[in-house]
Amino acid sequence: MDVVIRQDLCDEEKSYIQKRLQIVGDCLRSHGIVCKPDEVPRVALLSSGGGERAHISFLGVLRQLGQDNLLDCFLYMAGVSGSTWAMSSLYADAHWSKNAKVTISSVLKSISEGGDMAFSEGVQWLRERYEEGDLSLSDAWGVMTCVIKGVPLETRTLSDEGSRDRDGANPYPLYSAIDRAFFDKDKAKRKELWFELSPHEAGFTEPGAFVKTSLLKQDFEGGRVKYSPKRKPMDMVQLQGICGNVFGDEKQNQKHILDWIKKSLLPRSQGEAAPLSGVLKIVMALVELVECPHNMDHCHTVLARLKSVLGEDYGKFSTTLLELDHEMWTDMDDQKRKQHMENIFEELIGSAEEWGQELNNLDNKLTDVWWVIKHILPLFNEWQFGNVANFLYQINEPKVPEEMCKEDTMHLIDAGLFLNSPYPSVLREARDVDIIMSFDFSEDAPFKSLEGAWNYAAANQRAFPDIDFKVLDHDCPKSFYVFEEEGKPTLIHIPLFNIRNCKDEATIKQEWREYATFQMTYRGKKKIDHLADLVAENVNRDGILKEIRKAAAKH
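Residues numbered from 1 in each chain as written. Predicted model: local features only at pLDDT ≥ 70, side-chain atom pairs only at ≥ 80, totals over all residues. Heavy atoms only, no water.

S.K.: I tried to follow the overall build of the protein on my own but got confused; where do I start?
M.R.: A count of helical and extended segments in the protein gives 24 helices and 16 strands. Expressed as a percentage of the 555 residues in the protein, the buried residues total 58%. Excluding contacts between residues fewer than 6 apart, the proportion of contacts in the protein whose partners are at least 24 apart in sequence is 74%. With the model as given, the accessible surface of the protein reaches about 23200 Å², and the carbon-plus-sulfur share is 47%. (Helix = DSSP H or I, 4+ residues; strand = E, 2+ residues; numbered from the N terminus. Buried < 20%, exposed > 50% of the residue type's maximum accessible area, 1.4 Å probe, protein only. Contact = heavy atoms within 4.5 Å. Areas by Shrake-Rupley, 256 points an atom, 1.4 Å probe, with all protein chains shown as cover.)

Right, here's the structure in full:
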């Protein structure tokens, strides 16, 4: 079979880890920690989600770790949500950790300056995804992520990294997602099914069901691949759209994608917004209908505008719009209004080429506009997200729950919606991790992800030190917590804003207001540099080396 059912690691990861352990051993020796080759401590670096705040913060942490000559102490690097944005950029360089300061400073500069990716470039990538099949809103979000990061589309594949990077130069990267089908179920009843992606293998950690990462998007049946050359391996745009969907909330996803579409479509004239053509007025109206489906008064105003722009013969483009008058609209309940709007939306999309020709201006840009109208905007009504062929479709394996095998498509979403730090991947027994160092950039509470990981470990029989959460200061946390218990991995937990880098509770609250998750893209260099420098203070070099020495002494 092409699907493997096991808890052990794949041979390719084992080979990489052996090479990486040699590099880790050399790094520890430079810090005065001498270990036998088979006794080198296995340390995992974790980064939580948190949108662009997590993206920038993780870059600031990694830069400081590089300056302190600590990056090569880590065997694994795992992230969720916003932190995967940082990982996807850095691993474009096969030896980024050797020159971390220069590489990361360049990435931070790109964020502050922003990029100028053409709308047509993003649409072309989406067209290619459409031809492959399984296009969803996560693909549009992947394009949006590159816009936020200020970089060109990152079209290298995760599996390419597996074939390229064989010398152990960087910590082994682990990305995470969850299957929405299970996330949507009653939390008390569902089994916690974590989906991880590495350069070599991808799959569900709990049942232990995996497939080669290069085959992830292919169709499967009964555990065997039905190979199609048109389906390319998952690239970093699509990966970020799935794993780095920080705005897992549907409204936030919708807002940011639609804002990008509107900004890209607005014509400019000498730096100022130019008057909209008739065609673009209709496009903007359609976007508004998607944006505000529950604001019925506004929707009625938009529909009236559509009638005016389409002209006297608007009925030939939408029969529902033709039949709708103010009195009828007023007498409808919300459900009927919503249905009428959806009908009008679908009819206008279906007749786009007709009213586009009627109102002229069909140039190359508008060709992309039509494509977005027809293939992206309808996804908001259906809310199609994270569509990936299900490699477990109709597989017959006793260790795989039957409910995982019924559908031919999975819907992978941001793992941070379940657990905002990638503990499940490094808690796998086969990875045999000695120390987990977790930088937590979550906005909710400084220990929420930690408590979630503690609960996950208990539910899935994973080794985890006992923690008394009642004694922890949630309002004014320390900068460096160590939790340890005999026979279990040592856990180092580092909250983002704390008494060390903020000095007092008032400043902690002020920083959280400044770097809230849901806000516009960070573009100011001052704001970005402040956050990157502030989080660098959380890198406790002496504390980290102390815990590694203790782990080495236990071997």
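S.K.: Is there a simple way to explain the pairing of strand β13 (residues 409-414) in this structure?
M.R.: Side chains on a regular strand alternate between the two faces of the sheet. In the sheet, strand β4 (residues 172-179) pairs with β13 via three bridges, with the strands oriented antiparallel. The residue of β13 that forms the bridge with D179 is L412. In this sheet, β13 lies alongside strand β12 (residues 387-389) in antiparallel orientation, the contact comprising three bridges. If you follow N387 over to β13, its bridge partner there is H411. (Pairing = 2+ DSSP bridges.)

S.K.: Sorry, what's going on with the pairing of strand β16 (residues 490-495) here?
M.R.: With respect to burial, β16 is a largely interior element, six of its six residues being buried. Residue alternation in β16 divides its side chains into two sets, T490, I492 and I494 and L491, H493 and P495, and both sets are buried. Note that strand β14 (residues 435-440) and β16 share six bridges and pair parallel. Paired with S438 across the bridge in β16 is H493.

S.K.: Mind showing me how you'd approach unusual backbone geometry here?
M.R.: With the exception of glycine, most residues fall at negative phi, and the peptide bonds are largely trans. Positioned with a positive phi, N69 is a non-glycine residue whose angle comes to about 55°. On the basis of relative accessibility, which here comes to 38%, the residue N69 falls in the partly exposed class. Phi is positive for S81, close to 50°, though the residue is something other than glycine. Counting through the fold element by element, S81 comes out in the loop between β3 (76-79) and α3 (82-90). Residue classification places S81 among the buried residues on the basis of a relative accessible area of 3%.

S.K.: Looking at this structure, I do not really get the packing of helix α2 (residues 51-67) against helix α23 (residues 525-536). What am I missing?
M.R.: Geometry of a packed helix pair, given as the angle between the helix axes and the separation of the axes. Contact pair α2 / α23: the axes reach a minimum separation of 8 Å and the direction vectors enclose 50°. When the axes of α2 and α23 are compared, the pair comes out oblique. Considering how the two elements wind past one another, α2 and α23 form a crossing that is right-handed. Across the interface between the two elements, R53, I56, S57, G60, V61, R63 and Q64 of α2 pack against I528, L531, A532, D533, V535 and A536 of α23. Considering only residue class, the contact of α2 with α23 consists of seven nonpolar, three polar and three charged. (Axes fitted to C-alpha atoms, helices over the stretch in contact; angles between N-to-C directions. Parallel < 35°, antiparallel > 145°, perpendicular 65-115°, else oblique. Left-handed = near helix turned anticlockwise from the far one by under 90°. Nonpolar A, V, L, I, M, F, W, Y, C, P; charged D, E, K, R; others polar.)

S.K.: Please explain the packing of aromatic side chains as it appears in this structure.
M.R.: The relation between two aromatic rings is expressed through the spacing of the ring centres and the mutual angle of the planes. Here the structure, examined in full by the defined rule, presents 15 aromatic pairs. Judged by centre distance (4.9 Å) and plane angle (85°), the ring pair of F195 and F204 falls under edge-to-face. The exposure class of F204 is buried, given its relative accessible area of 1%. Judged by centre distance (4.8 Å) and plane angle (80°), the ring pair of F497 and W512 falls under edge-to-face. Here F497 is found in the loop between β16 and α21 (499-502), whereas its partner W512 is found in helix α22 (residues 505-514), with 15 residues between them in sequence. Overall, the relative accessible area of 19% leaves W512 in the buried class. (Phe/Tyr/Trp six-rings, centres within 6.5 Å; stacked < 30°, edge-to-face > 60°.)

S.K.: How do you make sense of the nonpolar core when you look at a structure like this?
M.R.: Nonpolar side chains in soluble globular proteins tend to be buried together. By size, the foremost hydrophobic cluster in this structure holds 168 residues, and its most contacted members are L62, L65, F195, L197, W355 and F391. Among residues more than four places away in sequence, those in contact with L62 are L45, L71, M77, L90, W96, A100 and I104. (Core = buried A, V, L, I, M, F, W, Y, C linked by side-chain atoms within 4.5 Å.)

S.K.: Could you clarify how one ought to interpret α22 in this entry?
M.R.: Note: α-helices contain 3.6 residues per turn, so residues at a spacing of three or four share the same orientation. For α22, the set of buried residues is I508, E511 and W512. Down the axis of α22, the smallest arc covering the buried residues is 100°, so these residues share one side. Exposed side chains of α22 directed beyond 90 degrees from the buried face belong to A506 and R513. Of the surrounding secondary structure, the elements contacted by the buried residues of α22 are α2, α21 and α23. Capping the start of α22, D504 holds a side-chain oxygen 3.3 Å from the backbone nitrogen of A506, two or three residues further along. (Arc of directions from axis to C-beta. Polar contact = N/O pair within 3.5 Å; in protein donor to acceptor, adjacent residues only side chain to side chain.)

S.K.: Just checking my understanding: could you explain the environment of F210 for this structure?
M.R.: As for its placement among the helices and strands, F210 is situated in strand β7 (residues 209-212). Sequence-wise, F210 and F195 are 15 residues apart; in three dimensions their C-alpha atoms are separated by 9.4 Å. Setting aside its immediate chain neighbours within four residues, F210 contacts D2, V3, V4, R6, E196, E201, A202, G203, F204, T205, F391 and R428.

S.K.: Explain the pattern of salt bridges to me, please; I cannot follow it from the model alone.
M.R.: Any two side chains of opposite charge can pair, so long as their charged atoms come close to each other. By the definition in use, this model includes 28 salt bridges. Between R63 and D533 there is a salt bridge, and its shortest N-O distance comes to 3.6 Å. Residue R63 is located in helix α2, and its partner D533 is located in helix α23; the two are separated by 470 residues in the primary sequence. Of the charged contacts in the structure, one is a salt bridge between D72 and K98, with a shortest N-O distance of 2.9 Å. Here K98 lies in the loop between α3 and α4 (100-113) and D72 lies in the loop between α2 and β3, a separation of 26 residues in the sequence. Classification of K98 as partly exposed rests on a relative accessible area of 48%. (Salt bridge = Lys/Arg side-chain N within 4 Å of Asp/Glu carboxyl O.)

S.K.: Just checking my understanding: could you explain the side chain of N170 for this structure?
M.R.: Along the chain, N170 turns up in the loop between α7 (158-164) and β4. Within the structure, the side chain of N170 is placed 2.8 Å from the backbone oxygen of A94, a separation counted as a polar contact. Each residue touching N170, except ones within four places of it in the same chain, is listed here: Y16, R20, Y91, D93, A94, H95, W96 and S97.

S.K.: Would you explain the environment of A516 in this entry?
M.R.: Tracing the backbone shows A516 in the loop between α22 and α23. In sequence terms A516 and E52 are 464 residues apart; their C-alpha atoms lie 9.3 Å from each other.

S.K.: I keep staring at α23 and nothing clicks. Help me out?
M.R.: Taking 1.5 Å per residue as the helical rise, α23 with its twelve residues ought to reach 16 Å, and the 16 Å between its terminal C-alpha atoms agrees with that figure. Every buried residue of α23 is listed here: I528, L531, A532, L534, V535 and A536. Buried residues in α23 make contact with α2, α4, α21 and α22. (Expected span 1.5 Å × (residues − 1).)

S.K.: Any chance you could explain the environment of D297 here in plain terms?
M.R.: In this structure, D297 sits in helix α12 (residues 296-310). Along the backbone, D297 and T330 are 33 residues apart, and their C-alpha atoms lie at a distance of 9.5 Å.

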